[in-house]
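Take a look at the letters that make up each chain.
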Amino acid sequence: MNKLTIRIVLDIILFVCIVNAWWYFALPLAVVGAFAFPFYIEFIVAGIMYDALFAMVQGMGVWAYSGTIVSLVLFIMITTLKNFIRR
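Draft legend 1. The arrangement of helix 4 (residues 66-85) in detail. With 20 residues, helix 4 extends 28 Å from end C-alpha to end C-alpha; this agrees with the ideal 28 Å at 1.5 Å per step. Among the residues of helix 4, Gly67, Thr68, Ser71, Phe75, Ile78 and Lys82 are the ones counted as buried. Projected down its long axis, helix 4 shows its buried positions confined to an angular sector of 100 degrees, all on one face. Helix 4 presents Ile76, Met77 and Phe84 as exposed residues on the side facing more than 90 degrees away from its buried surface. Buried-residue contacts for helix 4 involve helix 2 (23-36) and helix 3 (42-55).

Quick look at the structure:
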């Protein structure tokens, strides 16, 4: 299998995990994808998707964007760590 096929399969599995709110499977899968592929932006898309599906309730304030914030922070941390390790 080539990298594009693996990335598509990983994205489909990540999508299914997000829709079913299986974060215990989605987060490690996203971390693996972030280390395996050069620019794994799907991690951030998963956070936005989670917020759109489950967290955007009126009156929640900043907590309504917790999935997006966590995905951005983890993406920055993983990208920095990946660049540090691969030097």
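Draft legend 2. View of the packing of helix 1 (residues 3-19) against helix 3. Where helix 1 meets helix 3, the closest approach of the two axes is 10 Å, and the angle between their N-to-C directions is 25 degrees. When the axis of helix 1 is compared with that of helix 3, the two are roughly parallel. Between helix 1 and helix 3 lies a crossing whose hand is right-handed. Residue-level contacts link Arg7, Asp11, Leu14, Phe15, Ile18 and Val19 of helix 1 to Glu42, Ala46, Met49, Tyr50, Leu53 and Phe54 of helix 3. Grouping the constituent residues of the contact of helix 1 with helix 3 by class yields 9 nonpolar, no polar and 3 charged.

Draft legend 3. Structural detail: the packing of aromatic side chains. Considering all chains together, one arrives at 4 aromatic pairs under this definition. Centroid distance Trp23 to Tyr50: 5.0 Å. Interplanar angle 85 degrees. Geometry classified as edge-to-face. Within this pair, whereas Trp23 is found in helix 2, its partner Tyr50 is found in helix 3, the two being separated by 27 residues in sequence.

Draft legend 4. Representation of the packing of helix 2 against helix 4 in the model. In contact at an axis separation of 10 Å, helix 2 and helix 4 are set at 40 degrees when each is read in the N-to-C sense. In terms of orientation, helix 2 lies oblique with respect to helix 4. By crossing handedness, the relation of helix 2 to helix 4 is classed as right-handed. Where helix 2 approaches helix 4, its residues Leu27, Val31, Ala34 and Phe35 are matched on the opposing element by Leu74, Ile78, Leu81, Lys82 and Ile85. Here the contact of helix 2 with helix 4 is built from residues that sort into 8 nonpolar, no polar and 1 charged.

Reading the values: the criteria
Per chain, residues are indexed from 1 in the order of the written sequence. Local features in a predicted model are, by the rule used here, given only for residues with pLDDT of at least 70; side-chain atom pairs are given and counted only at 80 or more, and totals for whole chains, interfaces and linings are based on all residues. No hydrogens and no water enter the side-chain calculation; it runs on all heavy atoms of the structure. Elements are defined by DSSP. Helices are runs of H or I of four residues or more, strands are runs of E of two residues or more, and each kind is numbered from the N terminus. A helix is expected to span 1.5 Å for every residue after the first. Burial classification: accessible surface area is computed with a 1.4 Å probe over protein chains only, and a residue below 20% of its type maximum counts as buried, one above 50% as exposed, and the rest as partly exposed. Regarding the arc, it is the one traced by the directions from the helix axis to the C-beta atoms. Here a residue-residue contact requires only that any non-hydrogen atoms of the pair lie within 4.5 Å. In this description, a line fitted to the C-alpha atoms serves as the axis of each element, helices being fitted only across the stretch in contact, and the angle between N-to-C directions of two axes falls anywhere from 0 to 180 degrees. For this classification, under 35 degrees means roughly parallel, over 145 means roughly antiparallel, 65 to 115 means roughly perpendicular, and everything else is oblique. It is the rotation of the near helix from the far one that decides the hand of a crossing: anticlockwise by less than a right angle makes it left-handed, clockwise makes it right-handed. Polarity classes work like this: nonpolar for Ala, Val, Leu, Ile, Met, Phe, Trp, Tyr, Cys and Pro, charged for Asp, Glu, Lys and Arg, and polar for all others, with Gly in that last group. Geometry of aromatic contacts follows a simple scheme: Phe, Tyr and Trp rings, the Trp one being its six-membered ring, pair when their centres are within 6.5 Å, and the pair is stacked under 30 degrees between planes, edge-to-face over 60, tilted otherwise.

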